[in-house]
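Observations on the model geometry
Listed here are the chains, written in short residue letters.
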Amino acid sequence: MTKNIKERWRQFAAWVNGADSDTPVVTPEEKRAARPHPLRFLHGMLSEKNEMRVYHIFSVVMCLVFTGTLLLTVLYLPTFGGAGNPTENEVMERYVEKGIEEVGATNLISNIILVYRGFDTFGESCVLFLAATCVMILLRKDEKNTTAYDLAERAEDAEIESEENTTVLRSVVRMLMPVILLFGVYVLLNGHLSPGGGFSGGAILGAGLILFENAFGEKVRRFMSEHVYHFIKVAALYFYGFTMIYVFFTGANGLHSIIGTGIPGMIFSAGVIMPINVAVGLEVACTMYAFYAFFSKGEL
Amino acid sequence: MSNAIATWSGDYYQVFAIILFGIGFISLLLHKNLIKKIIGLNIMDSSVYLFLTSFGYIDGRVAPIVADPTAPVQMETYINPLPTGLVLTGIVVGVSVTAFSLALTQRLYKKYHTLNLDEILILAKREEV
Amino acid sequence: MRPFYENLPFLCIFLAMLAGITTSILHSGKWALRISLTALTVIGAASAWLLYATASQNTYFVYAMGKFPSPWGNELRAGPLEAGLALVFCIVMACSLLGGLKDIFEDILPGKQDLYFVMMDMLLASLLSMLYTNDIFTGYVFIEINTIAACAIVMAKDNNQTLVATMRYLVMSLLGSGLFLISLALLYAITGHLLMPQLGESIHALFVSGLYTEPLTVLVGLMVLGLSIKSALFPFHSWLPDAHGSSTTASSAILSGLVLKGYIVLLIKIFYRVFSISEVRSLKITNVLFVLGALAMIMGSVKALQEGHSKRMVAYSSVAQIGYIYLGVGLGIEAGVVAAVFQIIAHAFTKPLLFVSVGALSSTAGHEKKWYYLRGAGRRCKLAGIGFTLGGLSMVGIPLLAGFVTKLYLAQGATLAAWQTAAALAALAVSSVLNAMYYIPAIVQIWSSGSTCQEMGIEPRVRRADPALVVSVLVLGVGVILLGVCYRPVVGVISAGLALL
C-alpha cells in the first residue's frame, strides 16, 4: 500500500515537474557537463552525487549569506513603525498636508503616483505595454510556433465550445458579469476618492472580460478583435502621454495650466487624475485580456 | 544577542519580508523547473515590495485616504503614502515580467517538451553542434 | 518661462515613447523603421543642440517634471555629459539599425518586424531616461523597461538558441533589478528621499555623523552588485555570450554597445550625485570594482581566445571591454572615471562596428558564423572587412584609434591612483596582448585568399554593400578614427560634465 502511494506520488511529482512520457533522453553525463559555471572545475574530482551536493551547499550558503546580511542590516535600520523615522520628513508632510490643496484627490496615494511622481507611473504603464508586446511577439500564431499538435488541440477546443454544454457557467456569468463590471467601473472612477484607481480597476475589468470569454467565447472575440485591442491600447496611451506632456510642460515652464483641482471629495475633481485613471484602466483591462488570449489561443 | 532578538521581534515585518526573500532566492537557485524558478522570482519580488512598504508604516496611524476634505489635514493622522505609491509601481512591473517569462517558458516547452532548464540547455547545445 | 532647450530632454524621452506606441499599430516593418530612424534623427539633433547649449556655457540645469520641484516631484537633470552621451547613443543606435537592416528583415517574421522597432524605440527612451534622471526610483522603473526591451530584441530572431539565451538573460537581469530595488528601499529608509540632490545631502550628513554606516555599506554593495550583474561584470557575465552571440546583428550591436553602458552610466551618476567619489572610496567598493574589472579584462579575453564562433568571440571581448570601464571607475579618482566614460563612448562606436561587420562578413558565407568558414570573407565584402579590421585594431590598442586613447588615459589615471598603479598597468598590458592574440588572427583569416565554406556545401558569394551598410560602417569607422585622433575635445566635455555632476 505504502509503495503504491509512493509510486503515485512520484508520478504526480513527475507530472508537476513537466516530465512527459515523450521527454527526450538526456544522459547524466551530458547533464553533468552542463553544470553551472562555478563547479566546472570540480568535474571529475567528485562523484555525481557529491557534485550535486556541493552545488546545493553552495546555493544554500549563498542564500544564507544574503539573508543573514539583510537580517543584520535590519538591526541597524530605524525601528519599524516608529514615529520620527527619517522617512517622516518634509516630503511626506507636503504630500499629506498640501496634497488635497495642490492636486485635489482625497486619496493621497493617487496624488503622488499620478501628479507628483507622474513620470514614474507613465513609465510603469509603458512597462505593461511592453510586456503585452513581448507576449505578442512570443505567442502570436505564426509558422514558427504553430505545430500540427497545436492546431489539433485548438480544433478540439473549438468543438467543445460549439457543443454548448456550459449552461452552469453561462448562467453564473450572466448573474455575476454586471456586478463585476459595475465594481470595476466604480473602482476606476473613484480612484481619486477611495482605494482603487486605474490599475486595480483595470485588473477587475480584465478579469471580468476573461470570465466572460470563457462562458461566451465567440461573442467576446467578435467584439475584442485585434484591431479593437490595438485601438483601445494606443488611444489610452496617447491620451495619457499627451496629458502628461501638457502637465509637465506647463508645470516646468511656469505657464498657466487649465487643469484645476475642483472641489475635493466630488467625483469631478482632482484635475487630470480621473481621466488618466480611466485611460490606464482601459489599457490594463485590455492587456490582461490580451495576456489571457495569447496564452490560451495565440490570438485575440 | 538578546538585544538583536528584541530588535528583530520589533521589526517582525521586515524580518519576515527578508525570510521570504531567502525562500524565493533559494527556489530560484535550486529548482530546475522553469515554472518553479519563475515562482521563486515572483516570491522574491513580493518580498522586496513588502520590505519597501514597511518603511511607510507608522504605529497608530491610518491609511492615507482623507475622509473629510474640508477639515485641515494633519500629518500626524496618516501613514507615509510614498512607499505605498512606489510599491504600486513595483507590482505592475512584477506582473509584466512574470507574463513575459511565462510566455517564454511556454515557447520553450513547445519546442523541447520539458520544463527542466538543464535539459533545455543540453538540448539547445546539441542542436548547435 | 525657461529657455526652450531646457525642455529638450523631456521632449526627447516622450518622443521616443510615443514613437514606440505609434509603431505598434503600423503592421509594417518598413514604416516602423522609418519612424524609428526619424525619431533617432530628431532626438540626435536635439541632443546636439543641448550639448552645444550646455557645453558652451559650461552649465547644467534641473527640469522638474510638473509643478513640483525636488524633493517632491520627478526631475530630470542635463549637463554636457548627459547630452553628449545621448548624442552618442542616438548615432550608434541609428548606425546599428542601418548596418543590421538586411538581417532584421531576414531573421524576423514579417508580421513581427514592427514590434521589433517598438522595442527599439522603448529601449532608446529608457536609455535616455537613465541618462537624464535625477530621481533614483525613475531610474529603477526605466531599468525595468530597459530589461524587458533588451530581452525582447534578443528573442526577436525567434530560434531555439535565442529563446534559451533570453531565458537566462531575463532571469539574471531580474535578479539584478531585484537587488537594485532592495538597495533603493534601504536608501529610502535611512534618508527618506528619492531625489538625487537631497539624497546626496542626507548621505553626506550621515557620513559626517557616522550614523547608519552598516546599512549604507550593505546598500552600496547591493546596488553595485545589481547593476554589475546587469552590465555583465566578470563573474556575472555568463549570460552575455549567449544573448549577444545568438541574436540578430542589430540587436547584438545595440546590446553590447549601448544597453550595458546605460547601467554603468547610471552607476557613475549615483556614485557622483548620491555619494561622492571620495565617500565611495572610503566604503572600499571601488577596490572591489577594480579587482573585478582587472579580472574581467583578462578572463574575458582568455574566453574569447578559446571561442571559434565569430559573434561569441566578439561578445566575450565585450566582457573584457566592460572590465576596462570598471577598472577606470575602480581607480577611485576623477581621472579614472574620465577614462571610464571615454571607454564607454569608444566602445559604443567600436563594438557595433565589429558586430555589423561580422554580420555582413558571415552573409558572404551563407550566414555561417564559425571563423573557420569565414576565410576570405573580407575579400568578398571589402567594406565589412575594412570595418572589422579597423574595429579589431582599435580593440587591440593601435595608436590613432579609439581603443588606444582609452588605454592611454587609463594608464595615466593609474599612475595617480593610491595603490592600484602597478596592477592596473599590468592588467592593461596583459589584456592588450591577449586582445591582439585573437583579433589579429581573425583579421588575417578574413583577408586570406580562398574560402573554406564549400566544405559545408555553401557557395561563397560576393556581397555588394547596400547604402545602409555603407552609411553604418562609414559613420562608425569615422567615429572610431575621430575618437582616436581628436580626442581632446571629447575628453574636455567629459571632464567638464563630470565636474558639474
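Note that the coordinates shown come from a computational prediction; the quantities given were computed from them, not determined experimentally. (Residues numbered from 1 in each chain as written. Chains lettered and ligands numbered in written order. Predicted model: local features only at pLDDT ≥ 70, side-chain atom pairs only at ≥ 80, totals over all residues.)

Attention now moves to the overall build of chain B. Secondary structure summary: chain B contains 5 helices and 0 strands in total. Reading the secondary structure of chain B in the N-to-C direction produces α-α-α-α-α. Over its C-alpha trace chain B gives a radius of gyration of 21 Å, far above what one expects of a compact globule, namely 14 Å for 129 residues. Seen through its principal axes, chain B has C-alpha atoms that stretch 70 × 45 × 15 Å. When each of the 129 residues of chain B is scored for burial, the buried share is 52%. Sequence-distant contacts, at least 24 apart, represent 54% of the contacts inside chain B between residues at least 6 apart. (Helix = DSSP H or I, 4+ residues; strand = E, 2+ residues; numbered from the N terminus. Rg over C-alpha atoms; globule rule 2.2 N^0.38 Å. Buried ≥ 20, exposed ≤ 12 C-beta atoms within 10 Å, placed from the backbone. Contact = placed C-beta atoms within 7 Å.)

What follows covers the overall build of chain A. Counting its regular elements, chain A contains 13 helices and 0 strands. The linear arrangement of helices and strands in chain A, starting from the amino end, is α-α-α-α-α-α-α-α-α-α-α-α-α. Per-residue burial over chain A gives 35% buried out of 300 residues.

For chain A, the assigned domains are domain 1 (27-71) and domain 2 (113-296). Relative to domain 2 of chain A, the C-alpha centre of domain 1 of chain A lies at a distance of 44 Å. (Domains from an automatic or database assignment.)

Before going further, it helps to spend a moment on the interface of chain B and chain A. Taken together, the 57 residues of chain B in the interface contact 58 residues of chain A. The set of elements that each furnish at least two residues to the side of chain B that touches chain A consists of helix H1 (2-10), helix H2 (12-30), helix H4 (81-112) and helix H5 (117-128) of chain B. Tallied by class, the residues present in the side of chain B that touches chain A amount to 36 nonpolar, 15 polar and 6 charged. (Nonpolar A, V, L, I, M, F, W, Y, C, P; charged D, E, K, R; others polar.)

A few words on the packing of helix H3 (residues 80-99) of chain C against helix H11 (residues 249-273) of chain C. Residues and elements named next belong to chain C. One can describe the packing of H3 onto H11 by two numbers: an axis separation of 8 Å at closest approach and a directional angle of 165°. Considering the angle they form, H3 stands roughly antiparallel to H11. Taken as a pair, H3 and H11 cross one another with a handedness that is left-handed. Only Thr249, Ala250, Ala253, Ile254, Gly257, Leu258 and Val265 of H11 make contact with H3, whose side of the interface consists of Leu85, Phe89, Val92, Met93, Ser96, Leu97 and Gly99. (Axes fitted to C-alpha atoms, helices over the stretch in contact; angles between N-to-C directions. Parallel < 35°, antiparallel > 145°, perpendicular 65-115°, else oblique. Left-handed = near helix turned anticlockwise from the far one by under 90°.)

Another point: the interface of chain B and chain C. The interface is formed by 25 residues belonging to chain B together with 19 residues belonging to chain C. Secondary structure elements with two or more residues in the side of chain B that touches chain C: helix H3 (34-54), H4 and H5 of chain B. Top contributing element to the side of chain B that touches chain C by residue count: H4 of chain B, with 12 residues. Considering only residue class, the side of chain B that touches chain C consists of 15 nonpolar, 4 polar and 6 charged.

Right, let's talk about the environment of Thr73 of chain A for a bit. Looking at the element boundaries, Thr73 of chain A is found in helix H3 (residues 48-76). Contact partners of Thr73 of chain A, with chain neighbours within four places excluded, come to Leu186, Glu214, Pro215 and Val218 of chain C.

To continue, consider the nonpolar core. In this structure, Ala131 and Val135 of chain A together with Ala16, Ile148 and Ala185 of chain C are the most contacted members of the largest nonpolar core, which totals 319 residues. Residues within four places of Ile148 of chain C in sequence aside, it is in contact with Val127, Leu130, Ala131 and Cys134 of chain A together with Ser96, Val97 and Phe100 of chain B. (Core = buried A, V, L, I, M, F, W, Y, C linked by C-beta atoms within 7 Å.)

Residue and element names in this part refer to chain B. Of the residues in chain B, 99% have a pLDDT of 70 or more, and the chain-wide mean is 87. Put simply, H5 is where chain B has its lowest mean pLDDT, 81, and H3 is where it has its highest, 92. Across the predicted assembly, pTM comes out at 0.92 and ipTM at 0.94. (pLDDT = per-residue confidence, 0-100.)

Residue and element names in this part refer to chain C. Running from amino to carboxyl end, H11 crosses helix H14 (residues 310-330) at an angle of 15°, the nearest separation of the two axes being 11 Å. Regarding the angle of H11 to H14, the classification is roughly parallel. Considering only the axes of H11 and H14, their crossing is right-handed. Residues Ser252, Ser256, Leu260, Ile264 and Ile268 of H11 pack against Lys311, Ala315, Ser318, Ile322, Ile325 and Val329 of H14. A class-by-class count of the residues in the contact of H11 with H14 yields 7 nonpolar, 3 polar and 1 charged.

On to the pairing of strand S2 (residues 75-78) of chain C, then. Residues and elements named next belong to chain C. Here S2 shows a buried face lined by Glu75 and Arg77 and a second buried face lined by Leu76 and Ala78. Two elements, strand S1 (residues 61-64) and S2, share 4 bridges in a ladder whose sense is antiparallel. Across the sheet, residue Phe61 finds its bridge partner in S2, namely Ala78. (Pairing = 2+ DSSP bridges.)

All names here are of chain C. Positionally, Thr54 belongs in helix H2 (residues 29-57). Looking at Thr54, the number of C-beta atoms within 10 Å reads 25, which means it is buried. In sequence terms Thr54 and Pro80 are 26 residues apart; their C-alpha atoms lie 5.4 Å from each other. Contacts of Thr54, omitting those with residues within four sequence positions, involve Thr59, Tyr60, Ala78, Gly79, Pro80 and Ala83.

Turning next to the environment of Glu226 of chain A. Tracing the backbone shows Glu226 of chain A in helix H12 (residues 226-253). In the structure, Glu226 of chain A is positioned 56 residues away from Leu282 of chain A in sequence and 15 Å away in space, judged by C-alpha atoms.

A word on unusual backbone geometry. With an omega of 0°, the peptide bond running from Ser70 of chain C to Pro71 of chain C counts as cis. In this model, His113 of chain B sits at a positive phi of 55°, which is unusual for a non-glycine residue. Structurally, His113 of chain B can be placed in the loop between H4 and H5.

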